[in-house]
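# Residue-level structural notes
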Amino acid sequence: MEDYSFDNDLFKNIDAMIYTCGYESCAPGHSYGPVVRHGYMVHYILRGHGIYRARGKEFSLNAGDAFLICPGELIYYEADMEDPWDYSWIGMQGIKMKGYLERTALPDLLVFHYGQDKELQSCHEAMFNADKLPKNRDLVMNSILYRYLYLLADRFPSAHMTDDRRHSDYVEKALLYLEEHYCHPITIQDIADHLGINRSYLHRIFKASTGSSLQSYLLDQRMRHACILLQDSDRSIQSVAHSVGYPDPLNFSRIFRQKVGISPSGYRKDLREKGTLSSPPKAPLQ
């Protein structure tokens with residue numbers, strides 16, 4: 001089996017996305033880490049043996065097993081010297097990913113077993129095949145991701161669903177409200193009032209579920225759409241500001257410079273000089 005890996009653009013989908021996937025036939029003793037990853041990753045062992053270390057524990061794993069890497073946690077894994085493993089991996093991230101995986105028992109278990117579950121196994125293969133598509137690859141891969149997340153939640157359900165599910169529902173509704181109203185001068189209190197819950201409670205569960213505050217998420221959402229408008233249209237800076245929820249274009253320009261590192265007019269000028277006005281902005285928002 002040939003080694004394979006795929007890396008996706010980190011900023012194309014903030015909700016949930018595949019940011020990397022692949023497979024590898026490891027050499028004896030091949031290791032990775034100790035290291036901290038920035039997204040969630042599932043490694044599925046196709047054959048052979050190895051160890052996985054996380055949270056002060058060491059797990060001995062075989063074909064059919066899988067292990068979860070959580071962002072921000074120090075991990076290490078190593079192929080067996082006598083019978084090294086082949087594995088495939090799926091890397092996932094996005095503002096909703098933590099909440100999705102908390103519908104499963106995986107963040108507590110860390111290691112689990114696919115066994116002969118053909119549907120779970122096929123998700124890995126489908127992602128590899130999707131990478132070969134000439135167009136709409138990201139849509140296909142993300143559709144596979146949602147199928148994969150559903151299967152994980154179905155096969156390995158969380159034992160703490162009641163509170164988590166209620167929190168997740170509120171966060172989902174808050175994200176939907178932000179997506180539909182970021183172009184208006186809304187406040188966090190407006191979102192809390194829309195959901196009928198306390199503002200502090202909303203802030204707490206949103207931060208716990210996504211790792212981001214509502215204010216930061218709203219700001220990033222506005223700046224991301226502003227970049228798209230500056231790139232894909234000839235609208236004035238004032239029009240762009242109004243379109244992303246800023247009645248005052250000077251205030252918009254100040255915040256844009258803080259987040260993107262350049263003024264709106266400078267951003268558009270740079271794109272024109274580079275001849276990239278027809279493709280989406282790839283620079284990360286800091």
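Residues numbered from 1 in each chain as written. Predicted model: local features only at pLDDT ≥ 70, side-chain atom pairs only at ≥ 80, totals over all residues. Heavy atoms only, no water.

### Considerations on the pattern of salt bridges
This is how it is decided: Put simply, a salt bridge is a Lys or Arg side-chain nitrogen that is within 4 Å of an Asp or Glu carboxyl oxygen. Each helix is a run of H or I in the DSSP string that is no shorter than four residues. Each strand is a run of E no shorter than two, and both are numbered from the N terminus.
Overall, the coordinates contain 13 salt bridges when judged by the stated rule. Ionic pairing is found between Asp 83 and Arg 47, a salt bridge with its closest N-O pair at 2.8 Å. In this pair, Asp 83 sits in the loop between β8 (74-79) and β9 (86-93) while Arg 47 sits in strand β4 (residues 40-47), placing the two residues 36 residues apart along the sequence. Of the charged contacts, one joins Lys 96 and Glu 172 as a salt bridge, the two residues approaching to 3.3 Å between their closest N and O atoms. Taken together, the residues Lys 96 in the loop between β9 and α1 (97-101) and Glu 172 in helix α5 (residues 161-181) connect sequence positions 76 residues apart.

### Overview of helix α3 (residues 118-130)
Put simply, the rule reads: Expected helix span is computed as 1.5 Å times (number of residues minus one). The cut-offs for exposure are 20% and 50% of the maximum accessible area for each residue type, with area from a 1.4 Å probe on protein chains only; residues under the lower value are buried, those over the upper are exposed, and the others partly exposed. Throughout this description, a polar contact denotes any pair of N or O atoms lying within 3.5 Å of each other; where both atoms belong to protein, one of them has to be capable of donating a hydrogen while the other can accept it, and for residues adjacent in sequence the pair is counted only when both atoms sit in side chains.
Taking 1.5 Å of rise per residue, the 13 residues of α3 would be expected to cover 18 Å, and the 18 Å separating its terminal C-alpha atoms lies within 8% of that figure. Taken together, the buried positions of α3 are Leu 120, Gln 121, Cys 123, His 124, Met 127, Phe 128 and Ala 130. The opening residue of α3 is Asp 117, an N-cap whose side-chain oxygen sits 3.1 Å from the backbone nitrogen of Glu 119.

### Things to note about the environment of Ala 130
To keep it simple, the criterion reads: Here a residue-residue contact requires only that any non-hydrogen atoms of the pair lie within 4.5 Å.
Looking at the secondary structure, you find Ala 130 in helix α3. Given a relative accessible area of 3%, Ala 130 falls into the buried group. Taking the C-alpha atoms as reference points, Ala 130 and Met 141, separated by 11 residues in sequence, lie 6.2 Å from one another. Sequence-distant contacts of Ala 130, defined by excluding residues within four places in its chain, comprise Arg 137, Val 140, Met 141 and Ile 144.

### A few points about the packing of aromatic side chains
To describe a pair of aromatic rings, one takes the distance between the centres and the angle between the planes. This is how the line gets drawn: The criterion for an aromatic pair is that two Phe, Tyr or Trp rings (for Trp, the six-membered ring) have centres within 6.5 Å, with stacked assigned to planes under 30 degrees apart, edge-to-face to planes over 60 apart and tilted to the rest.
All chains considered together, the criterion is met by 18 aromatic pairs. Ring geometry for Phe 67 against Trp 85: centres 6.0 Å apart, planes inclined by 25°, an arrangement best described as stacked. Here Phe 67, found in strand β7 (residues 65-69), pairs with Trp 85, found in the loop between β8 and β9; they are 18 residues apart in sequence, far enough to count as distant. Residue Phe 67 is classed as buried on the basis of its relative accessible area of 0%.

### A word on the confidence of the model for the chain
Low pLDDT means the predicted atomic positions in that stretch should not be read closely. The condition that has to hold: A residue's pLDDT is simply how confident the predictor is in it, with values from 0 to 100.
Of the residues in the chain, 88% have a pLDDT of 70 or more, and the chain-wide mean is 85. Every residue in residues 9-13 scores below 50 in pLDDT, and together they form 11 contacts with partners more than four places removed in sequence or on other chains. Note that residues 277-286 has pLDDT below 50 and, in this model, 23 contacts with residues that lie over four places away or in other chains.

### What about the environment of Ala 208?
Summarising the element assignment, Ala 208 is placed in helix α7 (residues 199-210). The exposure class assigned to Ala 208 is partly exposed, which follows from its relative accessible area of 43%.

### Details of the sheet that holds strand β5 (residues 49-54)
Basically, it comes down to this: One requirement defines pairing of two strands: DSSP has to find at least two bridges between them. Lines fitted to the C-alpha atoms define the axes, with helices restricted to the stretch that makes contact. Angles between their N-to-C directions range from 0 to 180 degrees.
Strand order in the open sheet formed by 4 strands is β3-β8-β5-β6, with antiparallel pairing between adjacent strands. Across the chains shown, the open sheet's two edge strands, defined by having one partner strand only, are β3 (31-36) and β6 (57-62). Ignoring strand direction, the axes of neighbouring strands in this sheet form an average angle of 15°. Taken together, the 5 bridges between β5 and β8 define a ladder with antiparallel strand orientation. For Arg 53, the partnering residue across the bridge sits in β8 and is Tyr 76.

### Digging into the pairing of β7
For β7, the tally of buried residues reaches 5 of 5 residues, placing the bulk of the element in the interior. Judged from the 4 bridges that link them, β4 and β7 form a sheet pairing that is antiparallel. Within β7, the position partnered with Val 42 by the bridge is Leu 68. Inspection of the sheet shows β7 paired to strand β10 (residues 111-113) by 3 bridges, in the antiparallel sense. The residue bridging Phe 67 from the neighbouring strand is Val 111, located in β10.

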